[in-house]
Amino acid sequence: LLVDKGNHRHFMEKEIHEQPEVISHTLAHYLDFAGGTWRPLDMPFDFAKLDRLTISACGTAYLAGLIGKYWFERLARLPVDIDIASEFRYREIPLAKGAAALFVSQSGETADTLASLRYCRNAGIPIASIVNVGGSTMARESDLVFPTLAGPEIGVASTKAFTCQLAVIASLAARAAAARGTITREEEKTLIRQLCEAPRLVSETLKLQHRIEKVARELAHVRHVLYLGRDTNYPLAMEGALKLKEISYIHAEGYAAGELKHGPIALIDETMPVIVIAPHGRMFEKTVSNMQEVAARGGKIILITDGKGAEQASVKAFETIVLPDAPDLIAPIVYALPLQMLAYFTAVFMGTDVDQPRNLAKSVTVE
Ligand code: G6P
């Protein structure tokens with residue numbers, strides 16, 4: 001299989017730009033855009049009868065799963081246990097009847113995730129996997145595969161596979177909610193409509209690249225960056241930090257904004273950029289008060305928000321990146337983009353090997 005960079009400098013850049021198309025392609029596997037309905041799935045378990053969902057994965061795929069926990073619990077009232085596969089596989093977790101397992105992996109070959117899958121197989125619970133590589137070991141060993149149709153991902157730092165994983169998980173959570181009767185038929189229709197909007201919003205967000213490049217120019221001179229967010233923006237903060245450290249080698253941490261005063265606030269001074277992910281909506285005011293705490297200590301705030309958020313934030317940010325309005329369900333898909341682009345341009349300015357960062361492997365098939 002031959003994949004080239006086309007007109008792009010790096011595979012990562014190409015893969016970032018492919019997202020509207022591959023997300024659309026992936027979603028079309030799960031729903032009928034024109035009819036506004038789900039496509040049938042041959043499920044090994046019934047969402048309506050499930051007591052728990054256990055998710056396990058590594059790296060970026062784990063963070064997609066963590067966002068899924070918020071969606072499944074809020075929308076479908078389905079309790080989710082989630083853990084990093086290298087911990088999950090050794091923790092001797094009791095898995096009750098009524099549970100199903102969900103694994104998330106781009107490659108379908110990550111050693112720890114595969115070992116977790118086999119642990120669940122031994123426990124006798126149904127197994128589903130979200131994988132990008134069709135014939136992979138995880139795909140073969142699962143009762144059901146939920147494919148992401150991101151196409152081959154060459155850049156070591158995952159981008160399009162992540163947003164496609166989110167698209168699949170968001171669809172499954174909405175579908176689970178419908179099956180469990182925790183949303184009305186009208187709400188279900190609205191969620192389907194919102195999912196269909198994701199490719200367009202991602203495409204609009206890509207147009208912000210010059211603005212983001214400008215911010216990245218600043219980041220290329222710092223040693224530490226803190227990312228903050230609440231709710232689904234908390235796993236996203238961790239993903240933003242992971243992307244930056246993977247390819248630019250700048251030390252970055254993602255934190256739940258509410259946890260700021262339990263430690264990271266001690267780090268804040270004039271040299272420390274703090275990237276706050278805060279679309280307007282349910283957690284906005286809470287996050288703004290965390291921004292105030294950062295501002296009061298001279299921290300440089302880079303706010304990633306939408307039009308209303310930019311207008312309502314009562315704190316002066318050093319830089320503000322304004323995204324299109326995105327419905328709650330798909331906001332994490334849209335907000336992943338500026339984080340990817342920030343990491344990408346920062347790495348380009350620093351001159352690192354973006355597609356092949358030092359010490360990292362695309363697929364970790366040994367423990
Ligand atoms: C490696 C890659 C990451 C990826 C993780 C999990 O660390 O560099 O980009 O998120 O493995 O890989 P998987 O193939 O299981 O998604």
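Keep in mind that what you see is a predicted model, and the values were worked out from it rather than measured.

What follows concerns the sheet that holds strand S3 (residues 52-57). Across the sheet, which stays open at both edges, the five strands sit in the order S4-S3-S5-S6-S7 with parallel pairing between neighbours. Strand pairing shows two members of the sheet lacking a second neighbour, strand S4 (80-84) and strand S7 (144-147), which therefore form its edges. When strand polarity is set aside, the average angle formed by the axes of neighbouring strands in this sheet is 20°. Summarising the sheet, S3 and strand S5 (residues 99-105) pair through six bridges and their orientation is parallel. Across the sheet, leucine 53 pairs through a bridge with alanine 100, a residue of S5.

So, on to the site of the ligand. Contacts to the ligand come from 16 residues, most closely from Gly59, Thr60, Ser105, Ser107 and Thr110. With three residues, helix H3 (residues 59-76) is the single largest residue contributor to the shell around the ligand.

A few words on unusual backbone geometry. Although it is not a glycine, aspartate 231 sits at a positive phi angle of roughly 55°. If you trace the backbone, aspartate 231 turns up in the loop between strand S8 (224-229) and helix H10 (233-248).

Here H3 spans 25 Å end to end across 18 residues, near enough to the 26 Å set by a 1.5 Å rise per residue. Across the 18 residues of H3, 15 count as buried, placing the element largely inside the fold. Of the residues flanking the end of H3, it is arginine 77, one or two places downstream, whose phi is positive at about 50°.

The strand order S9-S8-S10-S11-S12 describes an open sheet built from five strands, whose pairing is parallel. Two strands lie at the open edges of the sheet, namely strand S9 (251-256) and strand S12 (319-323), each paired on one side alone. Here the average twist between neighbouring strands, direction ignored, is 20°. Sheet topology places strand S10 (residues 273-277) next to strand S11 (residues 300-306); five bridges connect them, and they run parallel. For valine 276, the partnering residue across the bridge sits in S11 and is leucine 303. Strands in contact with helix H9 (residues 209-219) are S8, S10, S11 and S12; relative to S12, the strand with the most contacts, it is inclined by about 150°.

About the thresholds
Residues numbered from 1 in each chain as written. Predicted model: local features only at pLDDT ≥ 70, side-chain atom pairs only at ≥ 80, totals over all residues. Pairing = 2+ DSSP bridges. Helix = DSSP H or I, 4+ residues; strand = E, 2+ residues; numbered from the N terminus. Axes fitted to C-alpha atoms, helices over the stretch in contact; angles between N-to-C directions. Near = placed C-beta within 6 Å. Expected span 1.5 Å × (residues − 1). Buried ≥ 20, exposed ≤ 12 C-beta atoms within 10 Å, placed from the backbone. Contact = placed C-beta atoms within 7 Å.

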